[in-house]
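Residue strings, one per chain:
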Amino acid sequence: MASLRPGEITDPALQERTVSGQILTAEDNTPLPGVNIAVKGSTRGTTSDAEGKFRIAVPDNNSVLVFSSVGFLSQEVTVGAQSTISLKLAVDQRTLNEVVVVGYGTQKKSQLTGAISSVGAKEIAELPITNARQALQGRAAGVDVVQNSSKPGAGPVVRIRGRRSINASNDPLYVVDGIPLAGGIDDINPYDIASMEVLKDASATAIYGSRGSNGVVLITTKRGKPGKTVVSYDGYYGFSDRLGQIDVFNGAEFAEYKRESRRAANQYTTDEKLFEPIELDGIKNNRSTDYQSYLMQQGNIQSHQVGVQGGNEKTLFSISGNYFKDVGVVKNQDFTRYTFRINLDHQISKKIKVGISTLGVYSTRNGENFNPLGGAYAENPLGKPYDDNGNLIFLPTSDGLRTNPIAEVVPGAQIDLTKRMRIFNSIYGEWNIIDGLKYRVNFGPDLTNRRIGRFVGSQTNARRGADPTAFSFNEYQFNWTLENILTYNKRFNDIHNLNVTALHSIQKDDYETNQISVTGVPAETQQFYNLGQASLINSVGSTVRRWVLNSYMARVNYDYKEKYLLTLTARYDGSSRFGENTKYGFFPSAAVGWNLSNEGFLKSVRWIDNLKLRASYGSIGSTAIDPYQTQAQLARSAYAFGSVGAFGYWPFTIGNPDLKWESTTNSNLGLDFSLFSGRVSGSLEYYRADTRDLLLFDQLPLTSGFDRVLRNVGKTRNQGVELTLSTVNVDAPGGFRWTTDFQFTRNRESILELFNGKVDDVGNSRFIGQPLTAYFDYKKIGIWQTNEAEQAKKYQSAVGQIKIQDTNNDGKIDPADRVILGSQVPKYSLGLTNRFEYKGFDLSFFVFARVGYMFRSIFHQDFLTLAGRYNTLDVDYWSANNPTNEFPQPNMNQEFPPFRSTLLYFDGTFVKIRNINFGYNVPASLTEKLGIGSLRFFASIQQPFIFSEYRTKYKGIDSETDGDVNADQSPAVRQTTFGLNLKF
């Protein structure tokens, strides 16, 4: 019997009457080919064609048609008197997630034994983000994503299940379309991403060996689909505004602050003796110059993407081009990126398939290392920025160290431009040797070029009229990966499933830089483009860094009746970064799973859809150190040889040929569940990771001529709990739907041993039992008040100054009174997303929070001097009329208050409304008349609210940080965007 074509019926003998129609996806109104249409209770059926159209014969009006397709919710329709039936199938989120990407392949979610979190294209598209890493924030439990800066082009820091290493890198491995990256993922356009999977435990990450020691993020880009060619446009345009202003003293407040600093030293008599003429003029005229406003602007953000997707049974293609630009709220800060991607897959024959993914990126970034706001915070508000003729006054006051901050943003005064070009490819070939046995080769060449140009003109605070300086830095990186993969997949007797994967991989990296720094650029218009004409060459340098990784891997996945699951993985890695005898490391892992919901005793429990218990244990290594650490290195020294200058070389570091892998033993216990027909689903994880043989600098006595040597010493531990929960709160027949996604992470990191065993390293603030970064300092308990004058004298202090805790009660304040104040590790972090849908309208909002951690504010260190000379943050300082316990009395005789460091520690807890998105899908009846496939309009507000005591009470910028709050931070930003998604 000849095979049926789409649109043909299975039983041509029954053709009482014919019903036809078209099937679309509810998500974007595109035609849905391959849908099964069956007459309920009979053997009659058909499938939809490439246009989503179908024809089928039905016996009578009471016939019921069942529409079903993998990944979509099935629907039943009674034919009645209808001759045409058109409907939309909604995506079945549970089914869609049944197949997830794992290392070197895919697996049904029900068969997974490792800890894996997924973020889909829908979640990514909800946010107008600059880079893909931002999409992980609050969307994957166990993944801590922190955006340290609002500067355009700045990327976040990603940590998966905490920090393991003290000296080595804690960054995860990023894998794009099967190729491990060495250059990061910030060049990838988020609109090109189909899904992101985060591998967290040893069972999931061990397949990547040493590179997966800090977790793995797998990124799959969008590929073509068979059927009609779809042309799409996705774009938005919006505005960026600073979320509040840094509160420094205005004119009147600064004048009083300056007076108070003199009163503390008994130096204040009259204003005429204290203030210079320009300040007296400012006081008289109630002048208060807001220098920040001259440096700020309304920014804008935009993205425009055009894509073409399609194909047939032989060739699939996906092509896209994107233009993205983010202009910051601080002048001279912006980021522009152009990306082009083409994904091709071609079936040469039944057994051979080839494909390529090519990404081309060109980006420019202004102001990466430029921020003029520090000068604005410190500048005297009583001064005048312009004279009566509108000319800029370079020195608004007589203070020789303070120049007009507005001079920093005069065109051409400061240039900080970074240009970046990248071409990344993922090329593969597949050969189905025999049934179940497949060979695949992956080749991934990755070429990056970056150029940084920096120019500082004469009329800037850094030069103060001296000769201009310029700097140029060039970076070249070529990384390639070659992988040979053999997989065997077989099902035996319908009860045994076996999957075997074997791999050989080699990755090589070549990184080169050169730079030059000069002073005395003859014409400022030359900037950094003709450095050879400068009067003085300050420095010239170049570097090269090369490394190779050679790896072998084997993995076995087995399940019995999809009830009992087993995964065994072994990886053998060799790294050129280690010594001759320690280059290779062996990293095994094992995991088991039990699908309880497939057991007979639970099948009758109707409210349980899926229930699976997982456990894994394994070891993974880390080679995240710079090359050549095993070798002794030399440094150049200058000296006088008679009357002539000469150069010599001296031993700079001690080599360690026995340096070996830093390894982590990881155990994980997980529970996956789906209840009440998918109304409640998620996973619960408990994990512990013990890292040993840390790549840590051991201290040496200075009499040896060296202060340290890199060794394998010390141990750390991370343990925690993760919860991922998705609920369908309302799914009303009228079309109203409300769903919630919730992620909770609690991680505890601690140091178990250091180079001296279980002994604290006080000098580096490393303590046994504490996190990797613990703040160890004196503890501020208030401000000495007037009635405590005698007690303050006993502690060599005075009224109005910082009161320090006498921890050991010995009547004096010395280093023995220091205590551990806190750490950078939050007690927990969480993300909450709510989505509402009703008759084409959709609304979502995303909340992200980090709770219970401490940070040090270098921002306060730089802009809270309290000496009465420079302007400072408008804090609640002590005076006779304001006996506060917050900040000490300003004092002209103190450049900084005694024990100033105690003023720099803050609770970092914050809650952010990260995004609110409102959209409308134009009805299919209207889009069909317009000749388009689908159309959606949306408006989005990014970060409209931040709830943080550091901002509201202590005048800080933003408490979202994974370390110290940098003084160079740009203000927090609120973005409002408007856009559309269009498909033809």
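The structure this text deals with has already been given above.
In what follows, the accompanying structure is described. These numbers come from a predicted model, not from an experiment.

What follows covers the overall build of the chain. When helices and strands are tallied, the chain shows 13 helices and 48 strands. Over its C-alpha trace the chain gives a radius of gyration of 32 Å, about what one expects of a compact globule, namely 30 Å for 984 residues. Seen through its C-alpha atoms, the chain measures out along the principal axes to roughly 110 × 65 × 65 Å. Of all 984 residues assigned to the chain, the portion counted as buried reaches 52%. Here the analysis covers contacts within the chain between residues at least 6 apart in sequence; of these, 69% occur between residues at least 24 apart. On the chain, the mean spot of the 105 positive side-chain charges and the mean spot of the 99 negative ones are 4 Å from each other.

With mixed pairing, the 3 strands of this open sheet are ordered in space as β4-β1-β7. Only two strands of the sheet have a single neighbouring strand rather than two, namely β4 (53-58) and β7 (87-89). Each adjacent strand pair in this sheet contributes to an overall mean axis angle of 40°, direction not counted. In this structure, strand β1 (residues 17-25) lies alongside β7, joined through 3 bridges in parallel fashion. Within β7, the position partnered with Ile 23 by the bridge is Leu 87.

We now examine unusual backbone geometry. Non-glycine residue Asp 177 carries a positive phi angle of around 50°. Residue classification places Asp 177 among the buried positions, given a relative accessible area of 12%. Residue Gln 943 is not a glycine yet carries a positive backbone phi of 55°. Classification of Gln 943 as buried rests on a relative accessible area of 7%.

By size, the foremost hydrophobic cluster in this structure holds 76 residues, and its most contacted members are Leu 136, Val 143, Ile 185, Met 196, Val 217, Tyr 377 and Phe 859. The residues contacting Val 217, other than those within four sequence positions of it, are Leu 136, Ile 160, Leu 173, Tyr 174, Val 175, Met 196, Glu 197 and Val 198. Core analysis: the second largest hydrophobic core is formed by 17 residues, Ile 23, Val 39, Phe 54 and Phe 67 among them.

For a regular strand, the rule is simple: side chains alternate between the two faces of the sheet. Bridging between strand β33 (residues 680-692) and strand β36 (residues 715-731) involves 13 bridges; their strand directions are antiparallel. From the neighbouring strand, Gly 682 faces β36, where its bridge partner is Leu 725. Note: β36 against strand β37 (residues 737-753), 16 bridges, orientation antiparallel. Residue pairing in the sheet places Leu 725 in a bridge with Phe 742 of β37. Turn length for the β36-β37 hairpin, with the two strands adjacent in sequence and antiparallel, is 5 residues, and the turn residue Gly 735 shows positive phi of about 110°.

This brings us to the pattern of salt bridges. Under the definition given, this model contains 54 salt bridges. For Lys 258, the salt bridge is made with Glu 279, and the minimal N-O distance between the two is 3.0 Å. Of this pair, Lys 258 sits in helix α4 (residues 251-263) while Glu 279 sits in helix α6 (residues 277-284), and the two are 21 residues apart along the sequence. Side by side, Lys 258 and Glu 279 carry an identical accessibility label, which is buried. Taking the shortest distance from any N to any O, the salt bridge between Arg 711 and Asp 698 comes out at 2.3 Å. Here Arg 711 is found in strand β35 (residues 708-712), whereas its partner Asp 698 is found in strand β34 (residues 695-699), with 13 residues between them in sequence. Its relative accessible area of 8% is what places Asp 698 among the buried residues. By sharing partners, the salt bridges in this structure join Glu 256, Arg 259, Glu 260, Arg 263 and Asp 271 into a single network.

Rules behind the numbers
Residues numbered from 1 in each chain as written. Predicted model: local features only at pLDDT ≥ 70, side-chain atom pairs only at ≥ 80, totals over all residues. Heavy atoms only, no water. Helix = DSSP H or I, 4+ residues; strand = E, 2+ residues; numbered from the N terminus. Rg over C-alpha atoms; globule rule 2.2 N^0.38 Å. Buried < 20%, exposed > 50% of the residue type's maximum accessible area, 1.4 Å probe, protein only. Contact = heavy atoms within 4.5 Å. Lys, Arg positive; Asp, Glu negative; His and termini not counted. Charge placed at Lys NZ, Arg CZ, Asp CG, Glu CD. Pairing = 2+ DSSP bridges. Axes fitted to C-alpha atoms, helices over the stretch in contact; angles between N-to-C directions. Core = buried A, V, L, I, M, F, W, Y, C linked by side-chain atoms within 4.5 Å. Salt bridge = Lys/Arg side-chain N within 4 Å of Asp/Glu carboxyl O.

Distances and angles like these do not, on their own, reveal function.
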